[in-house]
Amino acid sequence: MLTGELPPKTDSLTAEISLSAMVFSWRGGFESRRLLLSLLLLAAWEAGSGQVRYSVPEEAKHGTFVGRIAQDLGLELAELVPRLFRMASKGGGDLLEVNLQNGILFVNSRIDREELCGRSLECSIHLEVIVERPLQVFHVEVEVKDINDNPPVFREREQKVLISESAPLDSRFPLEGASDADIGLNSLLTYRLSLNEYFTLKVVTKTDKSILPELILRKSLDREEMPELTILLTALDGGKPELTGSVQIQITILDVNDNAPEFDKPSYKVVLFENVPNDTRVIQLNASDLDEGPNREISYGIRMILPVSEKRMFSINSETGEIRIYGKLDFEENNEYEIQVNAVDKGIPSMAGHCTVLVEVLDLNDNAPEVMVTSLSLPVREDAQMGTVIALISVSDRDSGANGQVTCSLMPHSPFKLVSTFKNYYSLVLDGTLDRESVASYELVVTARDGGSPSLWATASVSVEVGDVNDNAPVFAQPEYTVFVKENNAPGCHIFTVSARDADAQENARVAYSLVERRVGERALSSYVSVHAESGKVFALQPLDREELELLQVGVSARDAGAPPLGSNVTLQVFVLDENDNAPALLPPPPPSPWVVAKVRAVDADSGYNAWLSYELQEAASGGARSAFRVGLYTGEISTTRALDEADAARQRLLVLVRDHGEPALTATATVLLWLEDGGPAPKASSRRVVGPAAAAEAALVDVHVYLVVAICAVSSLLVLTLLVYTALRCSAPRGEGACVPGQARLVCSSAVGSWSSSPRRRRRQRVCSGEGPPKADLMAFSPSLPPCPLPDGEVGEQSTGGDTSSKVVNILYISLKSFECTMLFSWRGGPGVRLRLLSLLFLAAWEAGSGQVRYSVPEEAKHGTFVGRIAQDLGLELAELVPRLFRMASKGGGDLLEVNLQNGILFVNSRIDREELCGRSLECSIHLEVIVERPLQVFHVEVEVKDINDNPPVFPESEKRIIIAESRPPETRFPLDGASDADIGVNSALTYQVYPNDYFTLDPQNTREQTSSLSLVLRKSLDREEIQEHNLLLTASDGGKPELTGTVQLLITILDVNDNAPEFDQLIYKVRMLESAFNGTLVIKLNATDPDDGTNADIIYSFRRPVSPAVLYAFSINSDSGEIRTKGKLDFEERKLYEISVEAIDRGNIPMAGHCTILVEIVDINDNAPEVTITSLALPIQENAQVGTVIALISVSDRDSGANGQVTCSLMPHSPFKLVSTFKNYYSLVLDGTLDRESVASYELVVTARDGGSPSLWATASVSVEVGDVNDNAPVFAQPEYTVFVKENNAPGCHIFTVSARDADAQENARVAYSLVERRVGERALSSYVSVHAESGKVFALQPLDREELELLQVGVSARDAGAPPLGSNVTLQVFVLDENDNAPALLPPPPPSPWAPPGWPGGRGRRAGVVSQRVPRWVGAGQVVAKVRAVDADSGYNAWLSYELQEAASGGARSAFRVGLYTGEISTTRALDEADAARQRLLVLVRDHGEPALTATATVLLWLEDGGPAPKASSRRVVGPAAAEAALVDVHVYLVVAICAVSSLLVLTLLVYTALRCSAPRGEGACVPGQARLVCSSAVGSWSSSPRRRRRQRQRQRQRVCSGEGPPKADLMAFSPSLPPCLNSAEGTGEIEAGSEQLKEPRQPNPDWRYSASLRAGMHSSVHLEEAGILRAGPGGPDQQWPTVSSATPEPEAGEVSPPVGAGVNSNSWTFKYGPGNPKQSGPGELPDKFIIPGSPAIISIRQEPTNSQIDKSDFITFGKKEETKKKKKKKKGNKTQEKKEKGNSTTDTSDQ
């Protein structure tokens, strides 16, 4: 449907263009005509470009008619196809199409307005219609109209709303609205809410006319009744028909902590035994809360435990509510506990529930009795009377009932007993006689046992010490002592020590010793000895003489220091022992005896051995003759040893030495004179001394001596025999039966009436031996740990009649036996003391009856001196006897609270008495007093009751109590309080409470059956924190005493805030204007919302209200804390002109509440958008022959800004044959405005600049790349018209010799060049038979080998043509020069004409073959005369044709040749004058060589006949003419050769002999075969040289080597070296080194890799080979390459090897054999050496052989180059006196063969 026509501005636009064109033409000058024509054409085209408008509804079906576009544009139907009618849509795709048959525009595909234009009010499709021939562009707009095809749509199918149950009425809850994609009335929405009793719907109209639904709360919510609510919200649009959309509103009621936890019951009671294990479960509490979530999560805690204690006795699990024992329950400390438990939920604010747990503790018998002992009179004298009070004992038990009833007993059995004087009070009294000497102290154990089951007991040790009385005299260990003292003692020496023991103690036991004086002969005893009074030491006052006094009896008296003193005596039998202090005394001789010659008699005053005498005859000087007399050893009798004869002297003088056996021995000498007579009477012999009376006495003494000796021997023998027998008996007796054998200890008692023994129960190993002599009546042997002897009662009675001593012993034993029996039983059985003990018991009973109890009472807090009672009078004591009887009073735990006035006997208050401090809260409180008087001892018990007065006011635990209550707590809520405590008891502790009246709280005290008071604060009125934040109350507690006392506590009640107020903004809508150029972070607005709540409930969080549009999220951000809204992204007026931001302020309450507001942000436009340029290429590339005015591209410009900022103008840059033509608003055409040449400019990079009208203006550019299409207007062109090419002759067929290349300025196919050969004839052959050209690459190939000698220059023509239409082409010429190669050997020319000396008939030059020259030469020719000439020519050129001539020497036996040839002339001339010795026939070989690479040769044979003048016979060139002459010549040659060989050989042998002699005669170190420094020696025909190693090693590491010359002629290629020869043994140092080196020779090693051969080794060369450089030895065929060490770095390790060429190695031999090691494996392994090595270029092989390491040969290594050589080495050893040397001798035999 046609809705519009051409725009009215077309004419004016054309006029403007025409005016511009005219102005341009006026200025253009010479191009005015052409430009004016173009402008007119464009104006006509512009006039034909109009605009047509249509409309079509969205969702129209395919084929729906839109309009007759061809007719409306003024186009004929027939020209649509020829003019290439086409239509383009910017963003419209193929929604519309044109039927070219009828020119109708129709709907081609589905059109969705919402998809095409969104929510824009205007929506149209812009079409561009283009026709050509001539080019015309038409603009068509098709408006798309909206229909109601979209229902309202909610973003989600279900909306969730969270509402607190505490939300107040009329609270508003915004909902997310629906959206409708349609526009206008079709998008106008209304909402409807399903029926419910809690919410209504309110619609809020926004600034953009949209509406937003909100829920209004009309009824209070209770989560506990209804936790969730579902409502259906329906949205309806305004279209026809009406469309709807719905969403489920899921409302969740959020819980508020409005229910406190509650226990099953307010109090619980639990009974537990004390001492239950720690962590024992007490009770499991359970509280419930109707709330949910954290509000119902309960945490249990103990608020208070009564009574208050520092110890923590119970613990509670905060999660489970389980109460367990934490400490130790002790009934004695507390028998009841009250545990106040709180159950607090985790809500905010939290609420609490309370309960009380009463724990009753039952008593167990867990406390042992306690015993306290008070010693009064210790020690107790052993003569104390029975009934004496020793100590006071009090017992107590903290348990109750039977567990606290205590009984006492005394252990062990002793002369004491316990007497109960009062409840739990005992006295320890004496119940028998004491004997300190028998028992010095008693360790008594008082055992207190309670009545529990099982019973517990406690013990207390009482140490009773017995005071000593002097009732025992000192007693010596034995009545008599035997003392042995040597005579001649020093005066004052100590001879003995007496000791008496006194059984008493202290002074009574201090003993003083004195001597019992008596007469000893005529002297007093005190003149002989003295006694020290304290120590009892006995001293000899003078030396004793046994010869004077043999026995001294000394009496010693011992007395103690007691009162009265007691004493006893002891006797010392002092025997004086003999000392050898008397020498033998000679006696008169006895009467003569018929058989004895004479007799010497002597006596000694000493005794024993000291008096035992022996006789000895002293020899006189008799000249060595044997004495005729002898003396008896012990008899002194002198007798003859032989018969006397005449030879004996008549007078014999004998000396007899008499010696005793003392120490030291004493001697006497007797002289005996004997006269020998023949028969007459001899004279009387006299001794030196006159011996006294009768001979009978002397004989008797001699007999005594003999008997003494016999007796001593007999007694000694008997003693030894006795000891042996005793030892044998002891060793043979059974174990345990003999005496003195370890056995069981036994108590042995002996007396005059009999003896008995007892074995102990515990066995000890002791020795009990019987002594000698009569038994002692007071002997008792016992073990310290023996129990008493088990004697029966009858036996005790029987023994008691034996006397006083035995009776005492039996009584002691009886006490020991009955120590475990009762005291009364012991007294009854004691016998003699029955009456005394019975009297003691009666006395104790009377004393017990007299010990009574008196009770008083006194009020607490009584003043000092307050009268309590007349205690002396009440106890029946006289005032006068209080002080003498030592009246005293003791209080157990009472301290000095009470005191007695000893003047009047009144008990009064001494210090302050506080009942609460003394007894706590116990109902009974008293002070127990013990009154003690002595002489006689009496104990009285007094109790003073302390009465309570009202002296303690009620006390609260705290002076200030803080209570926190939430303002949401309902009335009648109870809050427990801690009550006051009163230390008083009874009525004084009965408390009443009162709180000052107020409007909100009251008190509710409750008493339970357990008599525990529970104080609660009850809420009577609802609280509001916003009105009153705190309440201050005063709680007063009053007791029931007179006067009444009170206590107060301040109750500070803090009202906790509940989140019951939502935040509120200052206004609901805020308006803000923002430039779209605002920077990021620019402040838009700062919001401020207030909340009257407190704390976190008043903390506000700002946020965008959901749902938030993506545009708002992209452009803005909000600070959650401050409420500042700032720009986040880039504001763009073109994208969005207005932003509506919904903000909500949410507090941080547990159930958050929210307030809402809306911010309208209007965006103000600025020129911030540069124009946009869109280029549509139509005909690219454009042919370079296109006509002026051709349309190249269509350009559309746009600017998103508005107003002047959106007005755009275009321009074209740079200057080019194009221009822009405006065809429609913001549409331009790029047209051709000049001629094109692709070869000059192949493409144009045009820049279209679009500039808007803003200030400042913005612009945009678009690049247009216009590519110029190629036309074939250029032929291929070569770089140069002719090329020169050089090609070597004899090239390979088909080789590439050159490449031609032609360039075509055109492109693509027009530039594709094909090459071809310009055919022509070269000689008789076509050019194509020589060369060819590749059609694509232009490569020129030689088809056959070229021969310079045949063709030196080849001209080749090549043609190049492109593939254009029509094709274009050009030619080029190649000048191919053929380069010479040395491919032609020299060619010999025929000889020159015959010489004037030619013999007659010589054929001369005619018919002679080339290469053979015959010439006759007269013998008279002089030196330098040319006798012949060899001519040759070479077909090559240059150096290849440059010839040289060389004369080949013939075998002449060393004689100098008589001819020579010119090097470059070929002329043969004589070198000397010819003579008769020269052979008549001379045959010369001339080698002709060119200078090519490689050089080619030819050989010419010249036959010269020497003539004297006559004609010589004709000789053939190939054969020897004349056998005789030839044979003679050969014979001569042979003779000369033999002579020459012999001469040379003799010279060689002589040279070697001289050299060897010189070497061997040279000094050590300089000649051959001498150890010296290793040197490399090389010899050749031209000379010899030697080289020492470059590196000199240290002296200790220097190696000595042998370098020996072999026998036979020298080799030109000989090299001998030894890299690892050990040093020669010529010194001690060398010996050590060779021995160390021999250890290394045991194991062959591979050569050091640093030892290498040079690659330049070549055998047969006339120069030496240097082996210093590293090289490669190449193995034989298939072998690997190996590195080998050099000589200069030879390894010191022993390596023996041999290198030699094989037999018959000649010039063509190029292999080396290498053998290494003791074995010769066929194939070397990894790291091993190969067997064969090849040196490149060498005619020899290398063979290395290593000898076994254990063979005694030289270890030298050497290599020989040349012919085969074998070497054998031997080693010999020689030994010298000081040095050792090893010499090596090697014999080398060389077999030589001709090469």
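Keep in mind that what you see is a predicted model, and the values were worked out from it rather than measured. (Residues numbered from 1 in each chain as written. Predicted model: local features only at pLDDT ≥ 70, side-chain atom pairs only at ≥ 80, totals over all residues. Heavy atoms only, no water.)

A.B. asks: Explanation requested: the overall build of the chain in the structure shown.
C.D. replies: In terms of helices and strands, the chain carries 14 helices and 119 strands. Looking at the chain as a whole, 40% of its 1795 residues are labelled buried. Sequence separation of at least 24 residues holds for 66% of the intrachain contacts in the chain that already meet a minimum separation of 6. As displayed, the chain has an accessible area near 99000 Å², and 54% of this comes from carbon and sulfur atoms. (Helix = DSSP H or I, 4+ residues; strand = E, 2+ residues; numbered from the N terminus. Buried < 20%, exposed > 50% of the residue type's maximum accessible area, 1.4 Å probe, protein only. Contact = heavy atoms within 4.5 Å. Areas by Shrake-Rupley, 256 points an atom, 1.4 Å probe, with all protein chains shown as cover.)

A.B. asks: Just to check I follow, could you spell out the state of the cysteines for this structure?
C.D. replies: In protein structure, a disulfide is the covalent linkage between the sulfur atoms of two cysteines. Under the defined criterion, the tally for this structure stands at 2 disulfides. Each bonded cysteine in the chain gets a number by its place in the sequence, and the pairs come out as 1-2, 3-4. (Disulfide = S-S within 2.5 Å.)

A.B. asks: Explain the pairing of strand β48 (residues 637-640) here, please?
C.D. replies: For a regular strand, the rule is simple: side chains alternate between the two faces of the sheet. Relative to β48, strand β44 (residues 598-599) is paired through 2 bridges, and the arrangement is antiparallel. Residue pairing in the sheet places K599 in a bridge with E637 of β48. Here strand β47 (residues 629-631) pairs with β48 via 3 bridges, running antiparallel. Along β48, the bridge assignment pairs F629 with T640. Linking β47 to β48, which pair antiparallel, is a turn of 5 residues; within it G636 sits at a positive phi near 80°. (Pairing = 2+ DSSP bridges.)

A.B. asks: Even after reading the chapter, I still don't get the packing of aromatic side chains, so can you show me in this structure?
C.D. replies: Aromatic ring pairs are reported here in terms of the distance separating the ring centres and the angle at which the planes meet. Applying the stated rule across the entire model yields 20 aromatic pairs. Aromatic pair F314 and Y337: ring centres 5.4 Å apart, planes at 75°, arrangement edge-to-face. Remark: Y337 occurs in strand β22 (residues 336-345) and F314 occurs in strand β20 (residues 314-316); sequence separation between them is 23 residues. The class of F314 is buried, set by a relative accessible area of 1%. (Phe/Tyr/Trp six-rings, centres within 6.5 Å; stacked < 30°, edge-to-face > 60°.)

A.B. asks: Please explain unusual backbone geometry as it appears in this structure.
C.D. replies: Comment: phi is negative for the bulk of residues other than glycine, and the bulk of peptide bonds are trans. A563 connects to P564 through a cis peptide bond whose omega is -5°. Within the secondary structure, P564 sits in the loop between β41 (551-560) and β42 (567-577). Between E663 and the following residue, P664, the backbone shows a cis peptide bond with an omega angle of 0°. Checked against the element boundaries, P664 lands in the loop between β49 (651-660) and β50 (667-675).

A.B. asks: I'm lost on the side chain of D1490 in this one. Help?
C.D. replies: For D1490, the location among the structural elements is in strand β105 (residues 1481-1490). This buried residue, D1490, is left without a salt bridge; R1489 holds the nearest opposite charge, at 7.2 Å. A polar contact is formed between the side chain of D1490 and the backbone nitrogen of G1492, at a distance of 3.5 Å. Look past the residues within four positions of D1490 in its chain and what remains in contact with it is N1382, N1384, P1386, D1434, N1440, W1442, L1443, A1495 and L1496. (Lys, Arg positive; Asp, Glu negative; His and termini not counted. Salt bridge = Lys/Arg side-chain N within 4 Å of Asp/Glu carboxyl O. Polar contact = N/O pair within 3.5 Å; in protein donor to acceptor, adjacent residues only side chain to side chain.)

A.B. asks: What is the right way to read the sheet that holds strand β6 (residues 124-131) from this model?
C.D. replies: Paired through backbone hydrogen bonds, the strands of a sheet run either parallel or antiparallel to each other. Read across the open sheet, the 4 strands follow the order β1-β7-β6-β3; overall the sheet is mixed. If you trace the sheet from one side to the other, it starts and ends with β1 (51-57) and β3 (86-89), each paired once. Looking at each pair of strands side by side, their axes are set apart by 25° on average, direction ignored. With 4 bridges joining them, β3 and β6 adopt antiparallel strand pairing. Within the sheet, the bridge partner assigned to R86 lies in β6 and is I130. (Axes fitted to C-alpha atoms, helices over the stretch in contact; angles between N-to-C directions.)

A.B. asks: Before we go on, may I ask you to explain the sheet that holds strand β12 (residues 211-217) in this structure?
C.D. replies: Pairing is antiparallel in the open sheet, where 3 strands are placed in the order β9-β12-β11. In the strand order of this sheet, the two ends are held by β9 (172-174) and β11 (199-205), each with one partner. Averaged over all neighbouring strand pairs, the angle between strand axes comes to 30°, with direction disregarded. Bridge analysis of β9 against β12 gives 3 bridges, and the strand direction is antiparallel. Paired with R172 across the bridge in β12 is I216.

A.B. asks: What is the right way to look at the nonpolar core in this model?
C.D. replies: Side chains of nonpolar character tend, in soluble globular proteins, to be buried together. L1087, F1116, I1125, V1143 and I1159 are the most contacted members of the largest nonpolar core, which has 28 residues in total. At the level of secondary structure, the elements contributing two or more residues to this core comprise β71 (1069-1075), β72 (1083-1086), β74 (1100-1104), α12 (1110-1115), β75 (1116-1118), β77 (1138-1147) and β78 (1154-1164). Non-local contacts of I1159, meaning those with residues more than four positions away in its chain, are made with Y1070, V1072, I1085, L1087, I1125, Y1139, E1140, I1141 and V1143. Counting 27 residues, the second largest nonpolar core, distinct from the first, contains Y268, V270, A287 and V361. (Core = buried A, V, L, I, M, F, W, Y, C linked by side-chain atoms within 4.5 Å.)

A.B. asks: It is not clear to me how the confidence of the model for the chain should be interpreted in this structure. Could you clarify?
C.D. replies: Regions with low pLDDT carry predicted coordinates that are not meant to be interpreted in detail. Residue-level pLDDT values for the chain average 76, and 71% of them are 70 or greater. Scored below 50 in pLDDT, residues 1008-1012 shows 6 contacts in the model against residues more than four places distant or in partner chains. Every residue in residues 1565-1795 is under pLDDT 50, and counting partners more than four places away or in other chains gives 425 contacts. (pLDDT = per-residue confidence, 0-100.)

A.B. asks: It is not clear to me how the environment of N901 should be interpreted in this structure. Could you clarify?
C.D. replies: Assignment of secondary structure puts N901 in strand β59 (residues 898-901). Remark: the alpha-carbon pair of N901 and I871, spanning 30 residues in sequence, is separated by 9.5 Å. If near-sequence neighbours (up to four positions away) are discounted, N901 is found in contact with I906 and F908.

A.B. asks: Explain a negative patch on the surface to me, please; I cannot follow it from the model alone.
C.D. replies: A cluster of like negative charges, contributed by D645, E646, E677 and D678, occupies part of the molecular surface. Mapped onto the elements of the fold, D645 is located in the loop between β48 and β49. (Patch = residues over 30% accessible without salt bridge, like charges linked within 9 Å, V, L, I, M, F, W, Y side chains within 5 Å. Charge placed at Lys NZ, Arg CZ, Asp CG, Glu CD.)

A.B. asks: Help me out: how do you make sense of the environment of E76 in this one?
C.D. replies: Looking at the secondary structure, you find E76 in the loop between α3 (69-72) and β3. Exposure remark for E76: the relative accessible area of 55% places this residue in the exposed category. Between the C-alpha atoms of E76 and N102, which are 26 residues apart in sequence, the distance is 9.7 Å.

A.B. asks: Looking at this structure, I do not really get the environment of L364. What am I missing?
C.D. replies: Secondary-structure assignment places L364 in the loop between β23 (352-362) and β24 (370-375). Given the relative accessible area of 33%, L364 is considered partly exposed. Here the alpha-carbon distance between L364 and F273, two residues 91 residues apart in the chain, equals 6.9 Å. The contact partners of L364, leaving out residues within four places of it in the chain, are F273, E274, E332, D399 and N403.

A.B. asks: So what exactly am I meant to see when it comes to the pattern of salt bridges here?
C.D. replies: Proximity of charged atoms lets side chains of opposite charge pair with each other. Using the criterion set out here, one finds 49 salt bridges in the structure. Among the ionic pairs, R855 bridges to E943, the shortest N-O distance being 2.5 Å. Of this pair, R855 sits in strand β56 (residues 853-859) while E943 sits in strand β62 (residues 938-947), and the two are 88 residues apart along the sequence. Judged by its relative accessible area of 56%, R855 is exposed. A relative accessible area of 17% places E943 in the buried class. Between E960 and R962 there is a salt bridge, with the nearest N and O atoms lying 3.6 Å from each other. Because the salt bridges share partners, they merge into one network encompassing R223, E224, D255 and E292.

A.B. asks: Mind showing me how you'd approach a nonpolar patch on the surface here?
C.D. replies: Together, F484, L551, F575 and L577 make up an exposed nonpolar region whose accessible area comes to about 340 Å². If you trace the backbone, F484 turns up in strand β33 (residues 480-486). Classification of F484 by relative accessible area gives exposed; the value is 54%.

A.B. asks: Before we go on, may I ask you to explain the pairing of β12 in this structure?
C.D. replies: Burial analysis of β12 places 6 of its 7 residues in the buried class, the great majority of the element. Bridge count for β11 against β12 is 7 bridges, and the pairing is antiparallel. From the neighbouring strand, V204 faces β12, where its bridge partner is L212.

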